[in-house]
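If you want the building blocks of each chain, they are given just below.
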Amino acid sequence: MSPISRGFHGRHRDATADTDRVPPGQFVTTDFPVLSAGPTPYTPLESWSFSITQGGDTVKSWSWRDLQALPVEDITVDIHCVTRWSKLDTRWRGVSVDALLAEADRDARYVLAFCDGGYTTNLPIADVTGGQAWVAFGYDDQPLQPEHGGPARLLVPHLYFWKSAKWVRGLELLAADEPGFWERYGYNNYGDPWREQRYAGD
Amino acid sequence: MAGTAVRGRLTWQVATVGAVVDETPAVRTIELDVPDWAGHRAGQHLDVRLTADDGYVAERSYSLASAPGEPVAITVERLPDGEVSPYLADDLRAGDEIEIRGPIGGYFVWPWQEIVSPLLLVAGGSGVVPFRSILRHRADLGSTTPTRLLYSARSLEDVIYRAELDVVRNGLEVIYTLTRQQPPSWPGRAGRVNDAMLREIAWLPSQRPIAYVCGPTAFVETVATGLVGLGYPADRVKTERFGGMGGG
């Protein structure tokens, strides 16, 4: 039984009234807060590439221009950060992970996304396929800004947003799950916002 | 070490508010008596949950302000349009009960690898809170690690923990920069932290320093990018942004 905080009424109730779309413990913001560990990297597009790797080998690699030549999708989704803000109807542009994996044509059960700056995050393959994940490079009709993960970030909106790795440079295909950066520091291995899986054991 | 990774479930528990200390007009430190606290590392945070009488709940994260081994304490800045911080900063009284869980986070912690690495702490506003934990821990350890704290605040009145920070300790230098208002004959710095100020104050990259930067997003972007520009390897610049993991 939680103790009642005498005199506490809450101020964000109206904003979170749309409970069908706002997971438990979240509040809606219209800002776009920034969360990242470490400095923002600035990789020039000429030296940028996206790779799918397996067992230390590069299975397939795309230059920036290669990536833009793949079928580009416009995506409108709600996003949920573990620090409790949610943002509704965010508009992105990118390439589906399905399209990338189809060109790589390899089997795997998990992926570990890797990024400029050394950040990693792990996901089951089932969560990045079937039209659930993208490599996004546009936001609100503009190029994705560096502080929000540009030139390109992973977009996996059905999981907490730390899974949508900023500055993503590739996916490592894995047979066995391997925790990523925040997952090693006590955050949940899977991160389903609807089950409020914020920390290990939730 | 406790809290390096969280093993098992972090459960909510009821904490009783102990001493409440007003640090500045907008900032208050709240000591918490937590019956089952597993201990924490310097720089970690905890979650607070408030429950209204009709069952509405709101949760937020706050940096721990106390050193490992000390009673749990958080320091809260009242955000004008905040939901939880005004309650904590204005309404909470000694003896009240609130729910907490923690400690959380294993990235923005000190010591990090080599304890002897010169330490650079750069704080914007209430971003200084985790640094009180780190500096107290450093003192408790008897560490002589060369340490500089560059602390940006709006005015002298807005400096949190000033009495504590002004006490000279072994190998610790505190440099204030006041961005909006400086007292007459102010001996410290004035204006926002910029590349020129960082160049003067930051350890040389050749000294293999480790930097921790905590504050509002724009502040952290400026400082972290500036340090990388000075030659700091990106993996030796640890950041915590308000609104980010562990932000207040």
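Residues numbered from 1 in each chain as written. Chains lettered and ligands numbered in written order. Predicted model: local features only at pLDDT ≥ 70, side-chain atom pairs only at ≥ 80, totals over all residues.

This part covers the overall build of chain B. Within chain B one finds five helices and twelve strands. The globule rule puts the C-alpha radius of gyration for 248 residues at 18 Å, and the 18 Å found for chain B is close to it. Judged by the C-alpha coordinates and their principal axes, chain B covers about 55 × 45 × 30 Å. When burial is assessed residue by residue, chain B has 52% of its 248 residues classed as buried. (Helix = DSSP H or I, 4+ residues; strand = E, 2+ residues; numbered from the N terminus. Rg over C-alpha atoms; globule rule 2.2 N^0.38 Å. Buried ≥ 20, exposed ≤ 12 C-beta atoms within 10 Å, placed from the backbone.)

Time to look at the overall build of chain A. Scanning chain A from terminus to terminus reveals three helices and eleven strands. Ordered by position in the sequence, the α and β elements of chain A form the string β-β-β-α-β-β-α-β-β-β-β-β-β-α. In terms of overall dimensions, chain A is globule-like: its C-alpha atoms have a radius of gyration of 17 Å, near the 17 Å expected for 202 residues. In terms of overall dimensions, chain A has C-alpha extents of about 60 × 35 × 30 Å along its principal axes. Here chain A holds 202 residues, and 43% of them are scored as buried. Here the contacts in chain A between residues at least 6 apart in sequence split such that 63% fall between residues at least 24 apart. (Contact = placed C-beta atoms within 7 Å.)

Another aspect to go through is helix α2 (residues 97-104) of chain A. Residues and elements named next belong to chain A. Inspection of α2 places Val97, Leu100 and Leu101 among the buried residues, and these make up the whole buried set. What you see down the axis of α2 is that its buried residues fit within an arc of 95°, all on one side. Turned more than 90 degrees away from the buried face of α2 sit Ala102 and Glu103, all of them exposed. Where the residues of α2 are buried, they touch β2 (49-54), β5 (85-96) and β8 (134-139). (Arc of directions from axis to C-beta.)

Attention now moves to the sheet that holds strand β11 (residues 168-174) of chain A. Residues and elements named next belong to chain A. Strand order in the open sheet made by the five strands is β3-β2-β11-β6-β7, with mixed pairing throughout. The open sheet terminates on both sides in strands that have one partner only, identified here as β3 (57-63) and β7 (120-124). The sheet shows a mean angle of 20° between the axes of neighbouring strands, taken without regard to direction. As defined by bridge partners, β2 adjoins β11 across four bridges and the pair is classed as parallel. (Pairing = 2+ DSSP bridges. Axes fitted to C-alpha atoms, helices over the stretch in contact; angles between N-to-C directions.)

Attention now moves to the interface of chain A and chain B. Across the boundary between the two partners, chain A contributes 33 residues, which contact 40 residues of chain B. For the side of chain A that touches chain B, the residue count by class is twelve nonpolar, 15 polar and six charged. (Nonpolar A, V, L, I, M, F, W, Y, C, P; charged D, E, K, R; others polar.)

Moving on: the nonpolar core. Counting residues in each nonpolar core, the largest one holds 120 residues, and the members touching the most others are A:Ala113 and A:Val135. By residue number, the principal contributor to this core is helix α5 (residues 217-230) of chain B, which donates six residues. A domain-level breakdown of this core finds at least three residues from each of domain 1 (13-104) and domain 2 (119-241) of chain B. Not counting residues up to four positions away in its chain, the partners in contact with A:Ala113 are A:Thr120, A:Thr121, A:Leu123, A:Leu154, A:Ala165, A:Val168 and A:Leu171. (Core = buried A, V, L, I, M, F, W, Y, C linked by C-beta atoms within 7 Å. Domains from an automatic or database assignment.)

Residue and element names in this part refer to chain B. Split into domains, chain B comes out as domain 1 (13-104) and domain 2 (119-241). Computed over C-alpha atoms only, the centres of domain 1 and domain 2 are separated by 24 Å. Tallying the contact residues gives 16 residues for domain 1 and 13 residues for domain 2. Of all the secondary structure elements, the ones that give two or more residues to the side of domain 1 that touches domain 2 are β1 (13-24) and β5 (72-77).

Time to look at the sheet that holds strand β6 (residues 97-104) of chain B. Note: strands within a sheet are paired through backbone hydrogen bonds, in either parallel or antiparallel orientation. All names here are of chain B. Here we have six strands laid out as an open sheet, ordered β4-β3-β6-β1-β2-β5, and antiparallel in their pairing. One side of each edge strand has no neighbouring strand; the edge strands of this open sheet are β4 (57-63) and β5. Pairwise comparison of adjacent strand axes, ignoring direction, gives a mean angle of 40° for this sheet.

Time to look at the pairing of β5(A). Residue and element names in this part refer to chain A. Alignment of strand β1 (residues 27-28) against β5, held across two bridges, turns out to be parallel. Residue pairing across strands places phenylalanine 27 opposite tryptophan 85, the latter belonging to β5. Where β5 meets β8, five bridges bridge the pair, whose relative direction is antiparallel. Looking at β8, one finds that tryptophan 92 is bridged to tyrosine 139.

Residue and element names in this part refer to chain B. Strand β11 (residues 210-215) sits mainly inside the fold: six of its six residues count as buried. Burial along β11 is two-sided: Ile210, Tyr212 and Cys214 facing one way and Ala211, Val213 and Gly215 facing the other are all buried. Pairing analysis gives five bridges linking strand β7 (residues 119-124) to β11, with the strands arranged parallel. Paired with alanine 123 across the two strands is cysteine 214, which belongs to β11. As paired elements, β11 and strand β12 (residues 237-241) share five bridges and run parallel to each other. Residue pairing for β12: cysteine 214 is matched across the bridge by glutamate 240. With α5 bridging β11 and its parallel neighbour β12, the resulting β-α-β unit is right-handed. (Right-handed = clockwise from strand over helix to strand, strands pointing away.)

Moving on, we get to α5(B). Residue and element names in this part refer to chain B. The terminal C-alpha atoms of α5, which comprises 14 residues, lie 20 Å apart, in line with the 20 Å expected from a rise of 1.5 Å per residue. Most of α5 is tucked away, with ten of its 14 residues classed as buried. Among the residues making up α5, those that are buried are Thr217, Phe219, Val220, Glu221, Thr222, Val223, Ala224, Gly226, Leu227 and Val228. Looking at the buried positions of α5, the neighbouring elements they touch are β7, β8 (147-153), α4 (195-201), β11 and β12. Phi for glycine 231, located one or two positions after α5, is positive at around 110°. (Expected span 1.5 Å × (residues − 1).)

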